[in-house]
Amino acid sequence: MTAHRIFSWSPSALVFDCDGTLMDTERHWQEARTLTFRLYGLASPAGFADRAKGVHYIECGALMARETGKPDLAGDFADTLLSTFTALVEEDPVTMPGAAALVRLAARHRPLAVASNCPRATVESCLDRAGLLGCFQHVVVAGEEVRPKPEPDVYRAAARLCGVPPEEALAVEDSLTGMESARRAGLRVIGIGTRPPDPDGAQADLWVTSLADPELLSWARSRLGP
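As the structure is a prediction and not an experimental result, all values here were calculated from the model.

**What about the pattern of salt bridges?**
Phase 1 of the analysis: Following the criterion strictly, the structure yields 14 salt bridges and no others.
Phase 2 of the analysis: Among the salt bridges present, the one from arginine 184 reaches glutamate 180, with a minimum N-O distance of 3.7 Å. Here glutamate 180 and arginine 184 lie together in helix α9 (residues 176-185), a separation of 4 residues that amounts to about one turn.
Phase 3 of the analysis: One salt bridge connects aspartate 205 with arginine 183, and the closest N-O pair in it is separated by 3.0 Å. Taken together, the residues span a long stretch of sequence, with aspartate 205 in the loop between β5 (188-192) and β6 (206-208) and arginine 183 in helix α9 at a distance of 22 residues.

See below:
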């Protein structure tokens, strides 16, 4: 898996994660987790933020309960986490660097979808307030028949809705959980952030520090259209 698999290729559709990829919301999730622990008189376990990144909020509630020895509070943790996060996002919706420009460029030439572990209302509200919702033909979220990341369901469904085979679609992700989901669904993957050592680093075909990366934008203009 190398950058050549991206830069020498033109995807037929693009599928974006939302939190931490399009929207600068990972800090809101972190604050929501901290506030939820505090509300129940608990301290966040060491390293919890890394283990929780990209995890569906219901599973995060279960993880919080398990790591604090409070198994009966899993549902309460999840509900508090989501309501707290939603309030924080409503106060401060911000896009990630380069995200809006890349989305608007790609939307002129390719079908786009969002694949997220967040509830639909949260995703659509974030994108709407950022002025990006209209760029996406489809929003796919985890639900009763769609398992959350790292299962491949959301990415597999997004490619199908865009009308392309998974191998012709490109996923854009910031979490290893999401990259695993996209990879298992058969998509090629751009990872956002510092490339970790293998095997985690091999989850993405290309790593960029942000979507404002000049080489990435040059590729997008040449392979997707001006």
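**Topic: the packing of helix α2 (residues 26-39) against helix α5 (residues 74-91)**
Phase 1 of the analysis: Packing of α2 against α5 leaves a shortest axis separation of 8 Å and a crossing angle of 135 degrees. One way to sum up the angle between α2 and α5 is to call them oblique. Here α2 runs over α5; the crossing is right-handed. Contact residues: His28, Trp29, Glu31, Ala32, Arg33, Leu35, Thr36 and Leu39 in α2; Phe77, Thr80, Leu81, Leu82, Thr84, Phe85, Leu88 and Val89 in α5.
Phase 2 of the analysis: Classifying every residue of the contact of α2 with α5 gives 10 nonpolar, 4 polar and 2 charged.

**Let's talk about helix α7 (residues 120-129)**
Residues three or four positions apart in an α-helix share a direction because the helix packs 3.6 residues into each turn.
Phase 1 of the analysis: Here α7 has its buried residues at Thr122, Val123, Cys126 and Leu127. Down the axis of α7, the buried set is contained in an arc of 120 degrees. They therefore lie on one face.
Phase 2 of the analysis: The elements touched by buried residues of α7 are α5, β2 (112-116) and β3 (138-141).
Phase 3 of the analysis: Within two residues after α7, glycine 131 carries a phi angle of roughly 75 degrees, on the positive side.

**Notes on unusual backbone geometry**
Note: most peptide bonds trans; most residues except glycine with negative phi.
Phase 1 of the analysis: Omega for the bond connecting lysine 149 with proline 150 falls within 30 degrees of zero, at 15 degrees, which places this linkage in the cis form.
Phase 2 of the analysis: With an omega of 10 degrees, the peptide bond between aspartate 198 and proline 199 qualifies as cis.
Phase 3 of the analysis: By the secondary structure assignment, proline 199 is in the loop between β5 and β6.

**A short note on the packing of aromatic side chains**
Phase 1 of the analysis: A full pass over the atoms with the stated rule returns 5 aromatic pairs.
Phase 2 of the analysis: Between tyrosine 40 and phenylalanine 77, the aromatic rings sit 5.0 Å apart at their centres with planes inclined by 85 degrees, giving edge-to-face as the arrangement. Separated by 37 residues along the polypeptide, tyrosine 40 in the loop between α2 and α3 (48-52) and phenylalanine 77 in helix α5 bring together distant segments of the chain.
Phase 3 of the analysis: Joined through ring pairs, the aromatic side chains of Phe37, Tyr40, Phe48 and Phe77 make up one cluster.
Phase 4 of the analysis: Above the ring of tryptophan 9, the side-chain terminus of arginine 188 is found at 4.2 Å from the ring centroid.

Conventions used here
- Residues numbered from 1 in each chain as written.
- Predicted model: local features only at pLDDT ≥ 70, side-chain atom pairs only at ≥ 80, totals over all residues.
- Heavy atoms only, no water.
- Salt bridge = Lys/Arg side-chain N within 4 Å of Asp/Glu carboxyl O.
- Helix = DSSP H or I, 4+ residues; strand = E, 2+ residues; numbered from the N terminus.
- Axes fitted to C-alpha atoms, helices over the stretch in contact; angles between N-to-C directions.
- Parallel < 35°, antiparallel > 145°, perpendicular 65-115°, else oblique.
- Left-handed = near helix turned anticlockwise from the far one by under 90°.
- Contact = heavy atoms within 4.5 Å.
- Nonpolar A, V, L, I, M, F, W, Y, C, P; charged D, E, K, R; others polar.
- Buried < 20%, exposed > 50% of the residue type's maximum accessible area, 1.4 Å probe, protein only.
- Arc of directions from axis to C-beta.
- Phe/Tyr/Trp six-rings, centres within 6.5 Å; stacked < 30°, edge-to-face > 60°.
- Lys NZ or Arg CZ within 6 Å of the ring centre and 35° of its normal.

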